[in-house]
Amino acid sequence: MADQLKLTVNGTEQTVSVTAEMPLLYGLRNELGLSGPRYGCGLAQCGACAVLVDGSEIRSCITPVSAVVGKKVTTIEGLPALWAATKGHSETGSQTLHPVQQAWIDEQVPQCGYCQSGMMIVAAELLTKNPDPTVPEIKDAYTHKPPSAHLCRCGTYAAIISAVQRAAQVMKS
Ligand code: FES
Ligand code: FES
């Protein structure tokens, strides 16, 4: 039987009618129409489904919806507003891409693009917690943080490092 669960997603409180154990990924995509987080493996082994919960990356494919009640969920769609809030900008400011998203465009990171919202979620978390990461620290964020490395079948890893460095410069200025 479905429960009525209140979630705060991208700054807005939403009520979803789902079973409490439903994976958050399905709730975001199917109930709220947020198609940024992707279904890759469904096993916390690829990172395509990554979102931020209270500022830290989680894998939404294995996280039940009930686990995020009362917490702040941010998907790739919410990064512009997150950046605007960080800088104290107005609502209008939230129409501007997050520096991570802009850097992904400027460095032409995506190939097929399937993994990239998860990759940008990692970058957004990393640069909030470590504004000036070294290359080993960037690699570490993508490879050694549990539950698994973030995988890109197209092999965009070098471009991701360049984009994180570019975003870091913008976010510091
Ligand atoms: S779909 Fe969640 S980690 Fe792969
Ligand atoms: S860009 Fe294709 S899987 Fe990463």
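Residues numbered from 1 in each chain as written. Chains lettered and ligands numbered in written order. Predicted model: local features only at pLDDT ≥ 70, side-chain atom pairs only at ≥ 80, totals over all residues. Heavy atoms only, no water.

1. A look at the packing of aromatic side chains
Threshold: Centre distance within 6.5 Å is the pairing criterion for rings of Phe, Tyr and Trp, where only the six-membered ring of Trp is used; planes under 30 degrees apart are then read as stacked, over 60 as edge-to-face, and the remainder as tilted. For a Lys NZ or an Arg CZ to count as sitting over a ring, it must be within 6 Å of the ring centre and within 35 degrees of the ring normal.
As enumerated under the stated definition, the model contains zero aromatic pairs in all. Lying over the aromatic face of Tyr 114, Arg 38 brings its terminal NZ or CZ to 5.3 Å of the ring centre.

2. So, the nonpolar core
Applicable threshold: Take the buried Ala, Val, Leu, Ile, Met, Phe, Trp, Tyr and Cys residues and link them wherever side-chain atoms come within 4.5 Å; each set so joined is a nonpolar core. When accessible area is computed with a 1.4 Å probe and restricted to protein chains, residues below 20% of their type maximum are described as buried, those above 50% as exposed, and intermediate ones as partly exposed. Only DSSP runs of H or I with at least four residues qualify as helices, and only runs of E with at least two residues qualify as strands; both kinds are numbered from the N terminus onward. By the convention used here, residues are in contact when the closest approach between their heavy atoms is within 4.5 Å.
With 29 residues, the main nonpolar core has Val 100, Trp 104, Met 119, Leu 127, Tyr 142, Ile 160 and Val 164 as its most contacted residues. Listed by contribution, the elements that provide at least two residues to this core are β3 (50–53), α2 (79–87), α3 (99–106), α4 (116–129), α5 (135–143) and α6 (157–172). For this core, the leading source of residues is α4, giving eight residues. Setting aside residues no more than four positions away along its own chain, Val 100 makes contact with Met 120, Ala 123, Ala 124, Leu 127, Ala 167 and Met 171.

3. Points about the pattern of salt bridges
We count it as follows: By definition here, a salt bridge exists when the distance from a side-chain nitrogen of Lys or Arg to a carboxyl oxygen of Asp or Glu is within 4 Å.
Overall, the coordinates contain seven salt bridges when judged by the stated rule. For Glu 57, the salt bridge is made with Lys 145, and the minimal N-O distance between the two is 3.0 Å. Taken as a pair, Glu 57 in strand β4 (residues 56–59) and Lys 145 in the loop between α5 and α6 lie far apart in primary sequence, 88 residues in all. Close ionic contact of Glu 125 with Lys 145 constitutes a salt bridge, the shortest N to O distance being 3.4 Å. Residue Glu 125 is located in helix α4, and its partner Lys 145 is located in the loop between α5 and α6; the two are separated by 20 residues in the primary sequence. Several salt bridges share partner residues, and in doing so they unite Glu 57, Arg 59, Glu 125, Lys 129 and Lys 145 into one network.

4. Considering the side chain of Glu 125
Which entries qualify depends on this criterion: Under the rule applied, a polar contact is a pair of N or O atoms within 3.5 Å (in protein, one hydrogen donor and one hydrogen acceptor; residues adjacent in sequence only if both atoms are side-chain atoms).
You can call Glu 125 buried: its relative accessible area is 7%. Polar contacts involving the side chain of Glu 125 include one to the side chain of Lys 145, which spans 3.4 Å. Glu 125 has contacts with Leu 52, Gly 55, Ser 56, Glu 57 and Lys 145, leaving out every residue within four places of it along the chain.

5. Looking at α6
Put simply, the rule reads: Multiplying one less than the number of residues by 1.5 Å gives the expected span of a helix. To obtain the arc, one takes the directions from the helix axis to the C-beta atoms.
Relative to the 22 Å expected for 16 residues at 1.5 Å per residue, α6 spans 23 Å between its end C-alpha atoms, a close match to the ideal helical length. Inspection of α6 places Ile 160, Ile 161, Ala 163, Val 164, Ala 167, Ala 168 and Met 171 among the buried residues, and these make up the whole buried set. Buried residues in α6, looked at end-on, bunch into an arc of 165°, giving them a common side.

6. Details of the environment of Ser 117
Turning to its location among the elements, Ser 117 is positioned in helix α4. Judged by relative accessible area, which is 8%, Ser 117 ranks as buried. For the pair formed by Ser 117 and Val 51, sequence separation is 66 residues and the distance between their alpha carbons is 8.6 Å. Setting aside its immediate chain neighbours within four residues, Ser 117 contacts Gly 36, Pro 37, Arg 38, Ala 48 and Ile 76.

7. What about the pairing of β3?
Along any regular strand the residues' side chains alternate between the sheet's two faces. Applied cut-off: At least two DSSP bridges between two strands are required for those strands to pair.
Judged by which residues are buried, β3 turns out to be covered on both faces: Ala 50 and Leu 52 on one side and Val 51 and Val 53 on the other are all buried. Of the pairings in the sheet, the one linking β3 to β4 comprises four bridges and is antiparallel in character. Note that in β4 the partner of Ala 50 across the bridge is Arg 59. Linkage of β3 to β4, two consecutive antiparallel strands, is achieved through a turn of two residues, within which Asp 54 is found at a positive phi near 50°. Note: β3 against strand β5 (residues 72–74), two bridges, orientation antiparallel. Within β5, the position partnered with Leu 52 by the bridge is Thr 74.

Spatial relationships are all this shows, so hold off on functional conclusions.
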